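Residue-level structure breakdown
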Amino acid sequence: GENVEQHPSTLSVQEGDSAVIKCTYSDSASNYFPWYKQELGKRPQLIIDIRSNVGEKKDQRIAVTLNKTAKHFSLHITETQPEDSAVYFCAARIGSFSGSARQLTFGSGTQLTVLP
Amino acid sequence: DSGVTQTPKHLITATGQRVTLRCSPRSGDLSVYWYQQSLDQGLQFLIQYYNGEERAKGNILERFSAQQFPDLHSELNLSSLELGDSALYFCASSVGRDTNYGYTFGSGTRLTVV
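Quick look at the structure, then. (Residues numbered from 1 in each chain as written. Chains lettered and ligands numbered in written order. Predicted model: local features only at pLDDT ≥ 70, side-chain atom pairs only at ≥ 80, totals over all residues. Heavy atoms only, no water.)

**Describing the state of the cysteines**
Throughout the structure, instances matching the rule amount to 2 disulfides over all chains. Between A:Cys23 and A:Cys90 runs a disulfide, and the two sulfur atoms are separated by 2.0 Å. When the S-S torsion is -100°, as for the bridge of A:Cys23 with A:Cys90, the disulfide is left-handed. Of the two residues, A:Cys23 is situated in strand E3 (residues 19-25) and A:Cys90 in strand E9 (residues 86-94); the sequence distance between them amounts to 67 residues. Per residue, the accessibility class of A:Cys23 equals that of A:Cys90, and both read buried. Note that B:Cys23 is cross-linked by a disulfide to B:Cys91, the S-S spacing being 1.7 Å. Handedness of the B:Cys23-B:Cys91 disulfide follows from its S-S torsion of about -45°: it is left-handed. Remark: B:Cys91 occurs in strand E9 (residues 87-94) and B:Cys23 occurs in strand E3 (residues 19-24); sequence separation between them is 68 residues. In this structure B:Cys23 comes out as buried when scored by relative accessible area, which is 0%. (Disulfide = S-S within 2.5 Å. Helix = DSSP H or I, 4+ residues; strand = E, 2+ residues; numbered from the N terminus. Buried < 20%, exposed > 50% of the residue type's maximum accessible area, 1.4 Å probe, protein only.)

And the structure:
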């Protein structure tokens, strides 16, 4: 099955700096890569996603890049703000094969702390 | 409000007991996924149901079982509870059989086994 590794497990940055979180996946058939943000005690919320036919996607201060050859993808947050402090999870989903289920496999999470 | 409803929000029970967690998916979603999140741990996939049928199984213990009813709500049954079962249990839903557009998570049920 799919295995997703996420680094770093904790990340502290100064407000206004950039933050980068990296994930690698094992199954080359994976074709969908969402990122979730989870604030303390709350549900994970989808913040951005990318599909395997795209190399980069941006949404305001958030961007995700995908390198299919190396099987890794990254989340970039620019101009970080205190409200960006949360746990961020990457995930991957394998592609379509007859009879296979395609649930998301999550990374272990990154605790991002933005220091004022 | 994500549209995915989980009840109860909190549950405290003793070891050896049995509990049932409930999830109502977002309107129009046919798939329900159950995930376990232990303290400082990631999201571990337990099981998926699609339109009433089991679709995929993850690291779900034999003491745990689930089902999806005709109205598409799902229940996760946890029996012979152990201290290590204390965790946040999330339900998520998606439109199709597979996750083409990501999940929408419910707010979770926090289970404490004492």
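Okay, back to it.
**As for the interface of chain A and chain B**
On the chain B side, the residues contacting the 18 residues of chain A number 22 residues. Overall, the association of chain A and chain B removes approximately 1600 Å² of surface from exposure, summing both partners, and the carbon and sulfur fraction of that is 52%. Connecting chain A to chain B are 0 salt bridges. Those elements that provide at least two residues to the side of chain A that touches chain B are strand E4 (30-38), strand E5 (45-51) and E9 of chain A. Looking at the side of chain A that touches chain B element by element, the count peaks at 3 residues for E4(A). Here the residues of the side of chain A that touches chain B sort into 8 nonpolar, 5 polar and 5 charged. (Contact = heavy atoms within 4.5 Å. Buried area = accessible area lost by both parts, 1.4 Å probe. Salt bridge = Lys/Arg side-chain N within 4 Å of Asp/Glu carboxyl O. Nonpolar A, V, L, I, M, F, W, Y, C, P; charged D, E, K, R; others polar.)

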